[in-house]
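# Coordinate analysis (summary)
Listed below are the residues making up each chain.
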Amino acid sequence: MIELREQGEIPRPAAEVWAIVADYGRDPSWRKGVETMDPKPAGIVQVGTTTGEVMRFAGRTYRNGGEVLRVDPGREFAWRTTSGIDAEGGRIVEPLDEGRALFTFHVRIRTRGLESVMAPVLRRLLRRTIRADIRRLVNQCDS
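Residues numbered from 1 in each chain as written. Predicted model: local features only at pLDDT ≥ 70, side-chain atom pairs only at ≥ 80, totals over all residues. Heavy atoms only, no water.

### Considerations on the overall build of the protein chain
When its secondary structure is counted, the protein chain shows four helices and seven strands. Mapped from its N terminus to its C terminus, the protein chain presents α and β elements in the order β-α-α-β-β-β-β-β-β-α-α. For 143 residues, the compact-globule estimate of 2.2 N^0.38 gives 15 Å, and the C-alpha radius of gyration of the protein chain, at 15 Å, lies within 12% of that figure. Seen through its principal axes, the protein chain has C-alpha atoms that stretch 45 × 30 × 20 Å. (Helix = DSSP H or I, 4+ residues; strand = E, 2+ residues; numbered from the N terminus. Rg over C-alpha atoms; globule rule 2.2 N^0.38 Å.)

Now the structure itself:
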């Protein structure tokens, strides 16, 4: 099992951050390795939004289906995979003041087979990737 919770301060209003992180179609612009993300329906997530994701991580290509389980509009949403890796997680946007927000990305991955043996290494790689994704999100919000 791999569980991670990473967060970063984004120098933009919470509504602007939400508009990016709650629109899965924008994931390839700030999440390294996400080659395609196909949300249905497109736009800001809602309960029942499904996703088709193709991503590269640790030298492998993963094809994951997902669904959004819960949404607190403008603040957070929770998701789980329906195919591919066995994972669940969420994204949270908290306003700090008018021009800053705290973004939290959390994920839990149930590892199997060789992945279980490699979990400590995969955890470090994933933590590094998520931290870099949050830095890319800061840049995305600045553009």
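### Some points on the packing of aromatic side chains
Overall, the coordinates contain three aromatic pairs when judged by the stated rule. Relative to Phe77, the ring of Trp18 lies with its centre 6.1 Å away and its plane at 80°, an arrangement referred to as edge-to-face. Linking Trp18 in helix α1 (residues 14-21) with Phe77 in strand β5 (residues 76-83), this pair joins segments that are 59 residues apart in sequence. The exposure class assigned to Trp18 is buried, which follows from its relative accessible area of 9%. Since its relative accessible area comes to 1%, Phe77 is described here as buried. With a centroid separation of 5.5 Å and an interplanar angle of 75°, the aromatic rings of Tyr24 and Phe77 are classed as edge-to-face. One end of the pair, Tyr24, is in the loop between α1 and α2 (27-30); the other, Phe77, is in strand β5, with 53 residues separating them in the sequence. Taken as a pair, Tyr24 and Phe77 share a single burial class, namely buried. In textbook terms, an aromatic cluster arises when at least three aromatic residues are bridged by ring pairs, as seen for Trp18, Tyr24 and Phe77. (Phe/Tyr/Trp six-rings, centres within 6.5 Å; stacked < 30°, edge-to-face > 60°. Buried < 20%, exposed > 50% of the residue type's maximum accessible area, 1.4 Å probe, protein only.)

### Some thoughts on the layout of surface pockets
The method is simple in principle: a probe with the dimensions of a water molecule rolls over the atoms, and the space it marks as empty is what remains. The space that makes up the largest pocket amounts to roughly 190 Å³. In this structure, the largest pocket is lined by Lys32, Gly33, Arg56, Phe57, Ala58, Gly59, Leu125, Arg128, Thr129, Ala132 and Arg136. Those elements that place two or more of their residues in the lining of the largest pocket are β3 (50-57) and α4 (119-142). Partitioned by chemical class, the residues of the lining of the largest pocket number four nonpolar, three polar and four charged. (1 Å grid on protein atoms, 1.4 Å probe; cavity = no way out; pocket = protein on both sides within 12 Å on 5 of 7 lines; lining within 4 Å. Points joined across faces, edges and corners; volume = space filled by probe spheres on them. Nonpolar A, V, L, I, M, F, W, Y, C, P; charged D, E, K, R; others polar.)

### Re empty space enclosed by the protein
The tally for this structure, following the rule as stated, stands at one cavity of 30 Å³ or more. Here the largest cavity defines a volume of roughly 530 Å³. Along the walls of the largest cavity sit 32 residues, with Arg31, Glu53, Met55, Ile85 and Ile109 positioned nearest its centre. Elements with a minimum of two residues in the lining of the largest cavity: β2 (34-40), β3, β4 (60-72), β5, β6 (86-97), β7 (100-110) and α4.

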